[in-house]
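# A structural walkthrough
Here are the chains, one letter per residue:
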Amino acid sequence: MHMHSSPSLFRLTTTRVAILLACSTVVVGAHADRGKAAPGLQSSVNLPEQSQGKPPAWAGKAFRQGVVSAANPYAAEAGAKILEQGGNAVDAAVAVAYALNVVEPQSAGIGGGGFMMIHMARTGQTVIIDSREEAPAGATASMFVGQAFSRRSLQGVAVGIPGMVRGTEMAVNDYGKLSLSQVLQPAIALADGGFAATPRFVGSTACSSATSRAKNSPVAAEYFCPGGDFRAVGSLVTNKPLAQTFRQIAAHGADCFYRHMPEKGCDIALGIIEGQQYNQPNLSPIGKGGSMTLADLAQYQAKLRVPIEGSYRGHRIKSMPPPSSGALTVLQILKMLERFPLGDASQGYGFGALKTANVMADAMRLAFADRAIWMGDADFAPVPARGLLAKDYVAIRSQQITPGARLNPNPSADDPRPYEMAGLSAATRLAVAAPPISHENGTTHFSVVDKWGNVVSYTNTIESGYGIGVFAGYTLPDGSFKNHGFLLNNELTDFNTTPTTNPFTGTAGFNDVEPGKRPRSSMAPSMIFNPDGSPLMAYGSPGGATIINSVVNVTINLIDHGMTMQEAVDAPRLSVSSANPTITVDPWFPAATVTALGPLGLGYAVNLSDVGSVQTVLIDPKTGKQYGAADARREGTVIGLPRSGGR
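Since the model is a prediction, treat every value here as computed from it, not as a measurement.

### What about the overall build of the protein chain?
Counting its regular elements, the protein chain contains 20 helices and 20 strands. Out of the 647 residues belonging to the protein chain, those deemed buried represent 62%. Long-range pairs, those at least 24 residues apart, make up 72% of the contacts in the protein chain with a sequence separation of at least 6. With an accessible surface of roughly 21,300 Å², the protein chain has 54% of that area assigned to carbon and sulfur atoms.

Structure follows, in structure tokens:
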């Protein structure tokens, strides 16, 4: 039975998902099958069983008091502690976010920002807190011109005004049960007392590389590679400066981060400003510092957004609106695929089959062609959101997909504006260069449900791994350096890094740099809803532009292929993140399909690399029981409450 076989089967199928979760003992694509070393085998850290190729301990276990799913065991523990202390899902998610700054600093933290999707059970309200970074007042469309990505992304010019602290304060004040100070305590304890280094914390530092982002500045190099070498797995890692920074925020709130208030001992802002002035000294031509000022920091505000809603085979999905391309691209891909019988192996559309991979890849290419032209910060550009998802427009785009053939030449964007505004005629496309392909990566995602049924899906980032590779901090009068313990983002490289022209409007590119603008993101914190408006599932992923495709893959695995939630997360994924015919697949994707997609088959270029890291929670709509799934591609961990829970 496939979930799309009939809309009337929705309640039956969601119950079936919960039953399968309870009974599942097989993990699709576990680490043991990947032909590479399993992380965690030498660690003193209690990593989840799936890190060793075993079915995870939480598979099939139902809980009643809340579930936390995060990419790191320490962070999951921080969220679980807050739930046990009476906090709700929002409080727990914020605790996870700050804990991840300690244990997964290369991916996210207070030097960056993110999108927090919140569903409140009592009111039925679903909102998103947008804490995306902003370009400072001195930013210009040409500020990256003349620097290769490897250079501009390691300089202060790439740093956007960080948003996480404002966003998390808004979240707990408006939707939480505890104070920001209370939810910061687990992260303070981790930073101050330390944690045992996990394989990912150690392995991702690449201390042996002379060009590692972790070694871009002396302070970062000494922290991540003390004495110039790798930390040992299981060794104690502390971050006393970060603990002190967290204490300042706990005592004085977000203003202590965004304003220089010496009378209160709030000097974090000085460290942000000096840090983003960083010029890598050994570059030729010389690196470029940022223009951010104390006034830029002081004016930053998180924004409340309304999620974009769509459907796939009758299932309601809500996800992140502009300045992210997440919802628009995810929903456009899914709607283009809706005419194909995905999941029907008898017609050649089973999981991992050639036809399935072929139509998924070309739907992604079409959607990413539109994304490059039409998506950006809607506070600055007229993003045609309704037109991009309009039934007739999506049908025209989908008709270009032919099973058994690669879309060739590469697809280009079309004009969705006539479907946005009645009576508008499509414009003639100008012959202008397309925006460059983004080089985003990094990021982290986590999902939480509490005992009251409140749900959070939160994606957080500092952009590339280690951001610009520079800790916030400033030089004291005696010449010593005060380190604040957190890395600064390189988020502004998510803008078009050369000035562009929209080929349909003749105006500046929708994602060109402007002061106060938020760079286009791929982050897609998402939720699937039941017919009565209650949330069924919350999920999302890191991975730059592959975030979109990770969410698409998991959605299709659940709805079309009838997988359990953990199977849907573990299954190998396929991703195309531009109009080009370059496909990335997990190394354990079916080999015969990879061969048929490649040069000797349909002519795609195929790369083998892990795609994303999805963390998810689910609520059975009939029983109210709660489930979690986490991704072995990182150190994904689920903690359900009560801890003695399960069936």
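### Remarks on the pairing of strand β11 (residues 471-475)
Most of β11 sits inside the fold, with four of its five residues counted as buried. Two strands pair when backbone bridges link them, and β11 and strand β12 (residues 481-487) are joined in this way by four bridges, in the antiparallel orientation. Counted as the bridge partner of Phe471 is Leu487 from β12. The turn joining β11 and β12, which pair antiparallel and follow one another in sequence, is formed by five residues; a positive phi near 90 degrees is taken by Gly479.

### A word on the state of the cysteines
Throughout the structure, instances matching the rule amount to two disulfides. There is a disulfide in this structure between Cys207 and Cys225, and the S-S distance comes to 2.0 Å. One quick way to see it: the torsion about the S-S bond of Cys207 and Cys225 is about -85 degrees, and its sign makes the bridge left-handed. One end of the pair, Cys207, is in the loop between α7 (199-203) and α8 (218-224); the other, Cys225, is in the loop between α8 and β5 (236-237), with 18 residues separating them in the sequence.

### Description of the sheet that holds strand β1 (residues 66-70)
In spatial order, the strands read β6-β3-β2-β10-β9-β1-β20; together these seven strands make up an open sheet with antiparallel pairing. With partners counted over all chains shown, the strands left at the sheet margins are β6 (303-305) and β20 (637-640), one partner each. On average, each strand axis in the sheet is tilted by 15 degrees relative to the strand beside it, whichever way the strands run. Bridge count between β1 and strand β9 (residues 444-450): four bridges; the pairing is antiparallel. Among the inter-strand pairings, Gly66 is bridged to a residue of β9, identified as Asp450. Docked against the sheet, helix α3 (residues 89-103) engages β1, β2 (113-120), β9 and β10 (455-461), running at close to 155 degrees with respect to β9. Contacts between helix α5 (residues 164-175) and the sheet are confined to β2, β3 (125-130), β6 and β10, with β3 contributing the most and set at about 155 degrees to the helix.

### Some details on the packing of aromatic side chains
Tallied over the entire structure, the rule returns 16 aromatic pairs. Between Phe257 and Tyr258 the ring centres are 4.8 Å apart and the planes differ by 65 degrees, which places this aromatic pair in the edge-to-face class. Given a relative accessible area of 0%, Phe257 falls into the buried group. With centroids separated by 5.5 Å and ring planes inclined at 55 degrees, the aromatic side chains of Tyr393 and Tyr419 adopt a geometry described as tilted. With a gap of 26 residues between them, Tyr393 in helix α16 (residues 391-398) and Tyr419 in helix α17 (residues 417-420) connect regions that are remote in the sequence. Judged by relative accessible area, which is 33%, Tyr419 ranks as partly exposed. Put simply, the rings of Tyr74, Phe195, Phe201, Tyr223, Phe224, Tyr466 and Phe471 pair up and form one aromatic cluster.

### Side note on the pairing of β10
The buried fraction of β10 is high, at seven of seven residues. Here β10 shows two buried faces, one formed by Val455, Ser457, Thr459 and Thr461 and the other by Val456, Tyr458 and Asn460. Pairing of β2 with β10, which is carried by seven bridges, proceeds in the antiparallel orientation. Residue pairing across strands places Met116 opposite Tyr458, the latter belonging to β10.

### With respect to the pattern of salt bridges
Under the defined criterion, the tally for this structure stands at 29 salt bridges. Put simply, Glu77 and Arg643 hold a salt bridge, and the shortest N to O gap is 3.0 Å. Note that Glu77 is positioned in helix α2 (residues 73-84) and Arg643 in the segment after β20, a separation of 566 residues in sequence. For Arg643, a relative accessible area of 43% puts it in the partly exposed group. Among the charged side chains, a network of salt bridges with common partners joins Asp130, Glu134, Lys303, Arg305, Asp379 and Arg518.

### A closer look at α3
Between its first and last C-alpha, α3 extends 20 Å over 15 residues, near the 21 Å set by a 1.5 Å rise per residue. Counting buried positions along α3 yields 15 of 15 residues, so the element is predominantly enclosed. The N-capping residue of α3, defined by a side-chain oxygen 3.1 Å from the backbone nitrogen of Val90, is Asn88.

### Structural notes on the side chain of Thr245
Looking at the secondary structure, you find Thr245 in helix α9 (residues 240-252). For Thr245, a relative accessible area of 1% puts it in the buried group. Once you skip the residues sitting within four places of it in the chain, Thr245 turns out to touch Ile110, Ile268, His484 and Phe486.

### Some details on the sheet that holds strand β19 (residues 626-629)
The strands that make up a sheet are held in pairs by hydrogen bonds between backbone atoms, and each pair lies either parallel or antiparallel. Reading across the sheet, the six strands line up as β7-β8-β13-β14-β18-β19 and stay open at both edges, with antiparallel pairing between neighbours. A single partner strand is all that each edge strand has here, and the edge strands are β7 (308-312) and β19. Across this sheet, the average inter-strand angle for adjacent strands is 20 degrees, counted without regard to direction. The pairing of strand β13 (residues 526-529) with strand β14 (residues 535-539) spans four bridges and is classified as antiparallel.

### As for the environment of Val67
With respect to the secondary-structure elements, Val67 resides in strand β1. In this view, Val67 contacts Leu83, Ser447, Val448, Val449, Val617, Gln626, Tyr627, Gly628, Val638, Ile639 and Gly640; residues no more than four positions away in its chain are not counted.

### Observations regarding the side chain of Asp362
Following the sequence through the fold, Asp362 ends up in helix α14 (residues 354-374). For Asp362, the side chain forms a polar contact with the main-chain nitrogen of Leu407, separated by 2.9 Å. Sequence-distant contacts of Asp362, that is, excluding residues within four places in its chain, are made with Ile401, Ala405, Arg406, Leu407 and Tyr604.

### A short note on the environment of Thr493
Position of Thr493 among the secondary structure elements: in the loop between β12 and β13. Between the C-alpha atoms of Thr493 and Val513, which are 20 residues apart in sequence, the distance is 9.4 Å. At 2.8 Å, the side chain of Thr493 forms a polar contact with the backbone oxygen of Asn490.

### Describing the nonpolar core
In terms of nonpolar packing, the biggest core is built from 94 residues, with Tyr98, Ile110, Met116 and Phe224 touching the most fellow members. Sorting elements by how many residues they give to this core places α3 first, with 13 residues. Apart from residues no more than four positions distant in its own chain, Met116 is found in contact with Val90, Ala93, Val94, Val127, Ile128, Ile129, Ala171, Val456, Ser457 and Tyr458. By size, the runner-up hydrophobic cluster in this structure holds 87 residues, among which are Leu388, Ile547, Val594 and Leu597.

### Some details on unusual backbone geometry
The amide bond that connects Pro322 to the next residue, Pro323, takes the cis arrangement and shows omega of 20 degrees. Mapped onto the secondary structure, Pro323 falls in the loop between β8 (315-319) and α13 (326-337). With omega at -5 degrees, the peptide bond leading from Leu641 into Pro642 counts as cis. Here Pro642 shows up in the segment after β20. A positive phi angle is found at Glu463, which is not glycine, with a value near 85 degrees. Residue placement: Glu463 occurs in the loop between β10 and β11. Even without glycine at this site, Tyr466 takes up a positive phi of about 75 degrees. With respect to the element layout, Tyr466 can be found in the loop between β10 and β11. The class of Tyr466 is buried, set by a relative accessible area of 5%.

Analysis parameters
Residues numbered from 1 in each chain as written. Predicted model: local features only at pLDDT ≥ 70, side-chain atom pairs only at ≥ 80, totals over all residues. Heavy atoms only, no water. Helix = DSSP H or I, 4+ residues; strand = E, 2+ residues; numbered from the N terminus. Buried < 20%, exposed > 50% of the residue type's maximum accessible area, 1.4 Å probe, protein only. Contact = heavy atoms within 4.5 Å. Areas by Shrake-Rupley, 256 points an atom, 1.4 Å probe, with all protein chains shown as cover. Pairing = 2+ DSSP bridges. Disulfide = S-S within 2.5 Å. Axes fitted to C-alpha atoms, helices over the stretch in contact; angles between N-to-C directions. Phe/Tyr/Trp six-rings, centres within 6.5 Å; stacked < 30°, edge-to-face > 60°. Salt bridge = Lys/Arg side-chain N within 4 Å of Asp/Glu carboxyl O. Expected span 1.5 Å × (residues − 1). Polar contact = N/O pair within 3.5 Å; in protein donor to acceptor, adjacent residues only side chain to side chain. Core = buried A, V, L, I, M, F, W, Y, C linked by side-chain atoms within 4.5 Å.

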